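Here are the chains, one letter per residue:
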Protein chains: 2
Amino acid sequence: MTAVTYELIKTDPRSKARRGRVTAPHGTIETPVFMPVGTAATVKAMRPEEVKELGAEIILSNTYHLYLRPGHDIVREAGGLHKFMNWDRPILTDSGGFQVFSLGDLRKITEEGVEFRSHIDGSKHMLSPEKSIEVQTALGSDIMMAFDECAPYPADRSYVKDSLERTTRWLKRCKAAWKDTEHQALFGIMQGGMYKDLRKQSAEEIVELDLPGYAIGGLSVGEPKDLMCEVLDDCVDHLPADKPRYLMGVGTPDYLFEGVERGVDMFDCVLPTRIARHGMAMTSAGKVNIKNAQYERDFSPLDHQCDCYTCRNYSRAYLRHLFKCNEMLSSMLLSNHNLHFLVNLMKNIRKAIEEDRFLEYKKEFYDKYGTF
Amino acid sequence: MTAVTYELIKTDPRSKARRGRVTAPHGTIETPVFMPVGTAATVKAMRPEEVKELGAEIILSNTYHLYLRPGHDIVREAGGLHKFMNWDRPILTDSGGFQVFSLGDLRKITEEGVEFRSHIDGSKHMLSPEKSIEVQTALGSDIMMAFDECAPYPADRSYVKDSLERTTRWLKRCKAAWKDTEHQALFGIMQGGMYKDLRKQSAEEIVELDLPGYAIGGLSVGEPKDLMCEVLDDCVDHLPADKPRYLMGVGTPDYLFEGVERGVDMFDCVLPTRIARHGMAMTSAGKVNIKNAQYERDFSPLDHQCDCYTCRNYSRAYLRHLFKCNEMLSSMLLSNHNLHFLVNLMKNIRKAIEEDRFLEYKKEFYDKYGTF
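By the naming in an unreviewed UniProt entry, chain A is Queuine tRNA-ribosyltransferase, taken from Hominibacterium faecale. Listed under Pathway (unreviewed entry) in UniProt, the entry text for chain A is "tRNA modification; tRNA-queuosine biosynthesis." In its Subunit (unreviewed entry) section, UniProt records this for chain A: "Homodimer. Within each dimer, one monomer is responsible for RNA recognition and catalysis, while the other monomer binds to the replacement base PreQ1."

Take a look at the structure:
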């Protein structure tokens, strides 16, 4: 019995886009899917019921943050992350790798793992493949991610090659540390930077381990969009069709379309909630900066085509007022809308694939909004 | 047809406590009642549906704040405060008087009104009885409060006497400016500081105007609790039994009991939401400071005897974690609990009055918690 299975429902005849379904211990996820991020065991400014109500079927939470605060032992004692945070649908946890590598001078990479200092109090810690799996096991997520290195962009070939090979060795150690295969799945992560042959090498090495799913890491890290699309297009061809594919950290509307077109099933990004806290909304008429004076007496909803809680009940003038007054309800309502926008966009994308009009829907979207 | 009526349901045989019902254009309010405060057209960190769900039947909003931001003309254009903020139950607005008097050096009192500078941008404004009613009319609240001066404590007799007499003159101007008596009620405010004879004078002057309700202002402004109780006890005797009585700015549990015992029907206070944002909770086992290390592994609910959303779904350990991480959900959940605590306390008080055991209930509460 494996914790996570993937069912391929339909493939777009004119692209690699595919309609599928991931079954996980805490529920079923229709794919392609966007996963809201709940870094510190909370999707910021949202009650979990609200995240559910807008249609999210899975969220992502961050191992690095939960390891430091409150500590994975506390989450385990609480009965796991689902119970701790009152979310009963699937959870995917990252490995903490991306965060510790982002610490720059505060971390040191060895074959054993990454030694780092906490961004909160400077205390010294070690994250390794075994430690990451230990933490994720304590959290009890449906999907655990392998501990990998996400190479920076640009990076030279020899660095990327060494890095991806270490990532493979780390993946083997993650797999060895992964015990409860019935209740938690482990996804491997392909690296290889922008080098297609290295991507192929990485894919072959990780696919050999026969895991329940695979992620594409190290993309959307600052490279031009064309390059991202080209590399991604190639990446997917090296991954098996019967397993879910997850493009990490991607979440702008145009990148979601590009990812889906190239056969990606899962996405995540902090963007919708982060920009919400800065007064920015994604709408069917493009970006709205709610701070702008033009909305002072605009009593229409944020998005005329949206039926989310925010758009059903509040005006742009009210949202602007809340933002100007620094009221929490501003972040609450804009986060709700932005998450709804992306979750709903994915719903429309799934429908378009089902009806053999994904490319038309994509074109329609680009014609209207460009890169958003 | 008058906008607000009061029905006396039952009087406690051993105290002045009374069980009543206020009928307002947007709904019925069972009294004694605690009114959550929504200063800037939002009860901080709460969706209006959540405020309703916890049982609040009326909220208070602040004229001073809404006059400055977004401006009462904008709220009027939005269709009034109810529609602007998505709250369809009764709203009481204060007059802005208390806030402008609190501005200290930034304001100047004349017979005409109060000239002041905005705490936001230093711009110059004038608030007068006519202006306050104009703003409150634009807001469309069910209950408007008269523009008064809340004298400081301590204050000498001659200052307080001059001040209360000006407050009466201002009340007459408020009444003259109050046009839509069918959809908005005007409450007068008794002043007089800690001087019983001045309180009597003020009461007689305002009651003569035959308004739909009366408030007691200028109490709980720093004086000892015993003195507050003594003055309050006397105040209520000068107010008519067939009109609601509102003790302004009072909201700690022990003060609510003291107010109810002396015949007060309505209360408001920012305390429950303000302390929530600082990690403090009011519980049936006393105050809880969620920051404390003792709650790190406390997986029990905030309040064992509470059935609010927060207590049904989250542990103290989780709430502490959210607070430590500065997550908005911390304020959202603690505000919800604290408001529920006070709204529910008033519900229990109403039941105790109905069952002729108010004094016993009060004693029980004090024996258990002291002054909280």
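### Here's the deal with the sheet that holds strand β3 (residues 27-31) of chain A
Residue and element names in this part refer to chain A. Reading across the sheet, the three strands line up as β1-β2-β3 and stay open at both edges, with antiparallel pairing between neighbours. What marks the edges here is a single partner per strand, and that holds for β1 (5-11) and β3. Within the sheet, the average angular offset between the axes of one strand and its neighbour, ignoring direction, is 15 degrees. Note: β1 against strand β2 (residues 18-24), six bridges, orientation antiparallel. Looking at β2, one finds that T5 is bridged to T23. Along the sheet, helix α14 (residues 328-354) contacts β1, β2 and β3; its crossing angle with β2, the most-contacted strand, is approximately 125 degrees.

### Remarks on the interface of chain B and chain A
Every contact between the two is made by 41 residues of chain B and, on the other side, 41 residues of chain A. Carbon and sulfur atoms supply 56% of the area that chain B and chain A bury against each other, a total of about 3700 Å² over both sides. For the pair chain B and chain A, the interface holds eight salt bridges. The closest approach of N and O atoms between R297 of chain B and D73 of chain A, which form a salt bridge, is 2.8 Å. Counting across the chain B and chain A interface gives 20 residue pairs in polar contact (both at pLDDT 80 or more). Within the side of chain B that touches chain A, the residues separate by chemical class into 21 nonpolar, seven polar and 13 charged.

### Here's the deal with the sheet that holds strand β7 (residues 107-109) of chain B
Residue and element names in this part refer to chain B. Sheet architecture is open: three strands sit in the order β7-β8-β9, paired in antiparallel fashion. Two strands lie at the open edges of the sheet, namely β7 and β9 (124-127), each paired on one side alone. Put simply, the sheet's adjacent strands are angled 15 degrees from each other on average, direction ignored. Bridging between strand β8 (residues 114-117) and β9 involves four bridges; their strand directions are antiparallel. The residue of β9 that forms the bridge with V114 is L127.

### Focus on the UniProt feature "active site" (unreviewed entry) in chain A
All names here are of chain A. Those places that UniProt annotates as "active site" (unreviewed entry) correspond, in this numbering, to D94 and D268. Taken along the chain, the residues just named run across 175 residues; in space they keep tight, none of their C-alpha pairs more than 10.6 Å apart. Structurally, the position occupied by D94 is in the loop between β6 (91-93) and α5 (97-101). The class for D94 is buried, based on a relative accessible area of 8%. If near-sequence neighbours (up to four positions away) are discounted, D94 is found in contact with S61, N62, T63, Y64, Q99, Q136 and M145. In terms of polar contacts, D94 uses its side chain to reach the side chain of N62, at 2.5 Å. Relative to the helices and strands, D268 resides in strand β14 (residues 266-268).

### A look at the pairing of β2 of chain A
All names here are of chain A. Most of β2 is tucked away: five of the seven residues are buried. Joining the antiparallel neighbours β1 and β2 is a turn of six residues. Here β2 runs beside β3; their pairing, made up of five bridges, is antiparallel. Counted as the bridge partner of V22 is I29 from β3. Connecting β2 to the next strand, β3, in antiparallel fashion are two residues.

Here is what the cut-offs are and how they apply
- Residues numbered from 1 in each chain as written.
- Chains lettered and ligands numbered in written order.
- Predicted model: local features only at pLDDT ≥ 70, side-chain atom pairs only at ≥ 80, totals over all residues.
- Heavy atoms only, no water.
- UniProt positions renumbered as here; feature names shortened; annotations may be inferred.
- Pairing = 2+ DSSP bridges.
- Helix = DSSP H or I, 4+ residues; strand = E, 2+ residues; numbered from the N terminus.
- Axes fitted to C-alpha atoms, helices over the stretch in contact; angles between N-to-C directions.
- Contact = heavy atoms within 4.5 Å.
- Buried area = accessible area lost by both parts, 1.4 Å probe.
- Salt bridge = Lys/Arg side-chain N within 4 Å of Asp/Glu carboxyl O.
- Polar contact = N/O pair within 3.5 Å; in protein donor to acceptor, adjacent residues only side chain to side chain.
- Nonpolar A, V, L, I, M, F, W, Y, C, P; charged D, E, K, R; others polar.
- Buried < 20%, exposed > 50% of the residue type's maximum accessible area, 1.4 Å probe, protein only.

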